[in-house]
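Summary of the model geometry
In case you want the letters, here they are:
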Amino acid sequence: GVFQDGRFNEGVVRQHGRRNVGAIGQTGRRHHADIWQNGRDNAAGVGQFGQNHTAIITQDGNGNITAGVQVGNGCSGAVEQRGNGNVAAFVQTCN
């Protein structure tokens, strides 16, 4: 699901397969988040707080996990997982 509080935020979750979970939380302004999942049993979540952040998460396979948090202004993060059983996390504070 997508939760947004603020202005000019965009959040997209695209899923193909079974039992995939994608979550986006954004507070502030001018954020963009995109989660793309293909396969099954994948989980991805991103939280963005502040303004002008971009996060892109791509999961192609099964049983992959990604979590990310961006705080401040102007962070950009991307994770691409291909295959099975991958785990990734990112935390960024930007000014």
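Presented here is an overview of the structure given in this document. In this numbering scheme, every chain counts its residues from 1 along its sequence in written order. Only residues with pLDDT of at least 70 are given local features in this predicted model, and only at 80 or more are side-chain atom pairs given and counted; all residues enter the totals for whole chains, interfaces and linings. Derived side-chain values reflect all non-hydrogen atoms in the structure, with water molecules and hydrogen atoms excluded from consideration.

**Examining the state of the cysteines**
Just so we agree on the cut-off: By disulfide we mean two sulfur atoms from cysteines, separated by a distance within 2.5 Å. Counting from the N terminus, the helices are the DSSP runs of H or I reaching at least four residues and the strands are the DSSP runs of E reaching at least two. Each residue is placed in one exposure class: buried if its accessible area under a 1.4 Å probe, protein chains only, is under 20% of its type's maximum, exposed if it is over 50%, and partly exposed if it falls in between.
With the rule as written, the count across this model stands at one disulfide. Here Cys75 pairs with Cys94 through a disulfide, and the sulfurs are 2.2 Å apart. Judged by the sign of its S-S torsion, about 120°, the bond between Cys75 and Cys94 is right-handed. Here Cys94 lies in strand β9 (residues 87–94) and Cys75 lies in the loop between β7 (65–73) and β8 (76–84), a separation of 19 residues in the sequence. When sorted by exposure, Cys75 lands in the same class as Cys94, which is buried.

**Quick word on the pairing of strand β5 (residues 43–51)**
Threshold: By the convention used here, strands pair only if DSSP detects at least 2 bridges between them.
Direction of pairing for strand β3 (residues 21–29) relative to β5: parallel, over a ladder of nine bridges. Residue pairing for β5: Gln26 is matched across the bridge by Gln48. Taken together, the nine bridges between β5 and β7 define a ladder with parallel strand orientation. The residue of β7 that forms the bridge with Gly47 is Val69.

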